[in-house]
Amino acid sequence: MKSEPFKYSWDHLVAEKEGTWDGVRNHLAKNNLAAMEVGDEAFFYHSREGLEIVGICEVSVAGITDPTDETGKWAAVKVKPKRKFENPVTLKQIKAEPKLADCELVRLSRLSVAKITPKEWEIICKMAEG
């Protein structure tokens, strides 16, 4: 899940204790949000500034309609911070890892909510360990 840190950063989520992931206006990203279930984990990625995965958040409420959408067709979820990475994983590191070449984060770089496979998740978590 990508967010521009000057708009909504990891620190904002930590301060709020729970945030609503809304404002997504891309159909594939919407489908990824709609597929999420309570307890699912997601990487929190700082886009535009930093270009790095900074932590893991957990879906606390799933299947809600985006409160910023007057049409009622866009999805949203609520998330809570789970764990901040001591060693954020940069986009440069991700692109340099051949096993992540097919990752949606790499292939569909403008997608704000990307699907990560279990194998990709494992690789990125190991990268965060340093």
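Along each chain, the written sequence defines residue order, and numbers are assigned to residues from 1. Local features in this predicted model are restricted to residues whose pLDDT is 70 or higher, and side-chain atom pairs enter the listing and the counts only when it is 80 or higher, whereas totals over whole chains, interfaces and linings include all residues. Side-chain metrics rest on all non-hydrogen atoms present in the structure, leaving aside hydrogens and water.

Chemist: How should the overall build of the protein be read in this particular structure?
Modeler: Tallying secondary structure elements over the protein gives 5 helices and 5 strands in all. Secondary structure of the protein in N-to-C order comes out as β-α-β-α-β-β-β-α-α-α. Our radius of gyration looks at C-alpha atoms and nothing else; its globule reference is 2.2 Å times the residue count to the power 0.38. Relative to the 2.2 N^0.38 estimate, which gives 14 Å for 130 residues, the radius of gyration of the protein is 14 Å and therefore close to what a compact globule would have. In terms of overall dimensions, the protein has a C-alpha envelope of 40 × 30 × 25 Å along the principal axes. Exposure classes here rest on a 1.4 Å probe applied to the protein chains alone. A residue is buried below 20% of its type maximum, exposed above 50%, and partly exposed in between. Taken across its 130 residues, the protein has 39% of its residues classed as buried. Under the DSSP-based scheme used, a helix requires at least four consecutive residues in state H or I and a strand at least two consecutive residues in state E, with every element numbered from the N terminus.

Chemist: Got a minute to help me understand the sheet that holds strand 1 (residues 2-3) in this structure?
Modeler: For sheets, the rule is that strands pair by backbone hydrogen bonds, running either parallel or antiparallel. Strands pair, by our definition, only if DSSP identifies at least two bridges between them. Across the sheet, which stays open at both edges, the 5 strands sit in the order 1-3-4-5-2 with mixed pairing between neighbours. Across the chains shown, the open sheet's two edge strands, defined by having one partner strand only, are strand 1 and strand 2 (19-21). In terms of strand pairing, strand 4 (residues 52-65) meets strand 5 (residues 75-90) through 10 bridges, oriented antiparallel. Bridge pairing links Ile 64 to Ala 76 in strand 5. In the packing of helix 2 (residues 27-34) onto the sheet, the strands contacted are strand 2 and strand 5, and the crossing angle to strand 5 comes to about 95°. Between two residues, a contact is recorded if the distance between any of their heavy atoms is within 4.5 Å. Here an axis means a line fitted to C-alpha atoms, over the contact stretch when the element is a helix, while the angle between two N-to-C directions is reported on a 0 to 180 degree scale.

Chemist: I keep staring at the pattern of salt bridges and nothing clicks. Help me out?
Modeler: Side chains carrying opposite charge are able to pair once their charged atoms draw close together. Salt bridges are counted wherever a side-chain nitrogen of Lys or Arg sits within 4 Å of a carboxyl oxygen of Asp or Glu. Within the structure shown, the criterion is met by 6 salt bridges. The salt bridge partner of Arg 48 is Glu 4, with a shortest N-O separation of 3.5 Å. Of the two residues, Arg 48 sits in the loop between strand 3 (41-46) and strand 4 while Glu 4 sits in the loop between strand 1 and helix 1 (10-16), which places them 44 residues apart along the sequence. Two residues, Glu 41 and Lys 82, come together in a salt bridge whose shortest N-O distance is 2.3 Å. Pair noted here: Glu 41 is in strand 3 and Lys 82 is in strand 5, with a separation of 41 residues, a long-range link. A single salt-bridge network, built from bridges that share partners, covers Glu 4, Lys 7 and Arg 48.

Limitation: the analysis is restricted to geometry and does not speak to function.
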